[in-house]
Amino acid sequence: MAMKHRLRALFILVILCTIGGGILFWQSKRNSVSGNELMLYGNVDIRQVELAFNDSERIADLLVEEGDRIKKGQLLAKLETERFELAVARDDAQVKNQEQVVARLEAGTRPEEIRKAKADVAAAAAALDDAKRTYNRISVLVPQKAASVQNLDDARAAANSARARLNALQAVLDLAIAGPRKEDIAAAKALLKRYEAELALARRDLKNAFLYAPTDGIVQNRILEIGDMASPQKPVYTVALTDPLWVRAYVSEPDLGKIREGMKAAVTTDSFPNKQYEGRIGFISPTAEFTPKPVETTEIRTKLVYQVRVFVENPNDELRLGMPATVRVQLDQPAPIKGQQPAGDWATGKIQ
């Protein structure tokens, strides 16, 4: 009987040792994995943009629907353009008219106009010479009582009038030869620039009547409809930008020192459990998500988390906004050489 109890106790001891050894082995393996790999959990995130027209007018056409994939530069919608087209035509006519004014001033007086001015001066000089001779003849006849004093005064006035007309026509000839004033030309050119600026503004308003995609993305919401009055304050579409795409995850304060920006990461999802997506840590928040208290215990400090963005490649368009994702980061990655940046443009999230 005593032998049976000893055998039973020995059997139980062997079982306990086996279980303990297994636990120790599992714990050592677990610690080994957790010591070389950090696992984070988060969700796929992307940027969103609200697209609106840059002017106020009624919507004439909407060319995409919710869920449509759009490309950069693709036409998405347009406004009624009659008002903008009329403004362009008006300002274009003003520019062309002022261009002719400037050209006329820069060309100066035509030779034909100068020849006419010279002919007018010659005719006025001849008229003055005739008026002088008439005056001289009458002045001789007045003492002889052959002409009246009134006739002499009329002749004198005619001569003076002819002289004034000659002087006026001579001034006209001088102006024709000198040509337009440089100040007039400068003023005409300045007015032309104003009309050109107004034309450019009218053309820009016409261009703004067409709404184009700023980048690749997916239409999430179509907010306005054909016939609605659009304005810069009223978005027409909400678009989800497919590039860059990242996983927004959180790391606890004790693990914060284990990671750095630029480290490679592997991303998996429940939808594609056997597929890994290449990624890199592109951003680590410098502040905790929760405001710490003035006096913190060790337990409270370990509950603080920091946001991490892991930019990820999505070549087959399998990742969707809000999709749960698991991020694995190997902690034994070599540190980058000082002065070298990791491959990829982390400002835009594009990974090479």
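Our structure is the block above this text.
**Observations concerning the overall build of the protein chain**
Along the protein chain, the regular secondary structure elements total six helices and 12 strands. Taken across its 352 residues, the protein chain has 31% of its residues classed as buried. Of all intrachain contacts in the protein chain linking residues separated by at least 6 positions in sequence, the fraction that spans at least 24 positions is 79%.

**Observations regarding helix α3 (residues 111-141)**
Given a rise of 1.5 Å per residue, 31 residues ought to cover 45 Å, and the 46 Å separating the end C-alpha atoms of α3 matches this to within 8%. Along α3, the positions that sit buried rather than exposed are Ile 114, Ala 117, Val 121, Ala 124, Leu 128, Ala 131 and Ile 138.

**Concerning the packing of aromatic side chains**
The final tally for this structure, using the stated rule, is one aromatic pair. Here Arg 309 stacks its cationic end above the ring of Phe 283, 5.6 Å away from the centre of that ring.

**Topic: the nonpolar core**
Of all hydrophobic cores here, the largest spans 26 residues; its most connected members are Ile 259, Val 267, Ile 281, Val 310, Val 327 and Val 329. Counting residues per element, the ones that place at least two in this core are β1 (37-51), β8 (237-252), β9 (264-269), β10 (277-288), β11 (305-312) and β12 (324-330). A per-element tally of this core places β8 first, with five residues. The next biggest cluster of nonpolar side chains, apart from the first, holds 20 residues, and it includes Phe 53, Leu 79, Phe 84 and Tyr 237.

**Things to note about the pattern of salt bridges**
Evaluation of the coordinates by the stated rule reveals 15 salt bridges. As a salt-bridge pair, Arg 248 and Asp 45 come within 2.1 Å of each other at their nearest N and O atoms. A residue pair is termed long-range when its members are at least 10 positions apart, and Arg 248 in strand β8 and Asp 45 in strand β1 qualify at 203 residues. A salt bridge links Asp 120 to Lys 116; the nearest nitrogen and oxygen atoms lie 3.1 Å apart. Taken together, the residues Asp 120 and Lys 116, both in helix α3 and four residues apart, mark about one turn of the helix. Note on Asp 120: relative accessible area 26%, which makes it partly exposed. By relative accessible area, Lys 116 is classed as exposed at 53%. In the salt-bridge network here, residues are joined through shared partners; they are Glu 65, Arg 222 and Glu 225.

**So, the pairing of β9**
Burial runs high along β9: five of the six residues are buried. Pairing geometry for β9 and β10, over four bridges, is antiparallel. In the strand pairing of β10, Val 267 is matched with Tyr 277. Strand direction decides the pairing type here: β9 and β12, joined by four bridges, are antiparallel.

Parameters at a glance
- Residues numbered from 1 in each chain as written.
- Predicted model: local features only at pLDDT ≥ 70, side-chain atom pairs only at ≥ 80, totals over all residues.
- Heavy atoms only, no water.
- Helix = DSSP H or I, 4+ residues; strand = E, 2+ residues; numbered from the N terminus.
- Buried < 20%, exposed > 50% of the residue type's maximum accessible area, 1.4 Å probe, protein only.
- Contact = heavy atoms within 4.5 Å.
- Expected span 1.5 Å × (residues − 1).
- Phe/Tyr/Trp six-rings, centres within 6.5 Å; stacked < 30°, edge-to-face > 60°.
- Lys NZ or Arg CZ within 6 Å of the ring centre and 35° of its normal.
- Core = buried A, V, L, I, M, F, W, Y, C linked by side-chain atoms within 4.5 Å.
- Salt bridge = Lys/Arg side-chain N within 4 Å of Asp/Glu carboxyl O.
- Pairing = 2+ DSSP bridges.

Remember, this is a structural readout, not a statement about activity or role.
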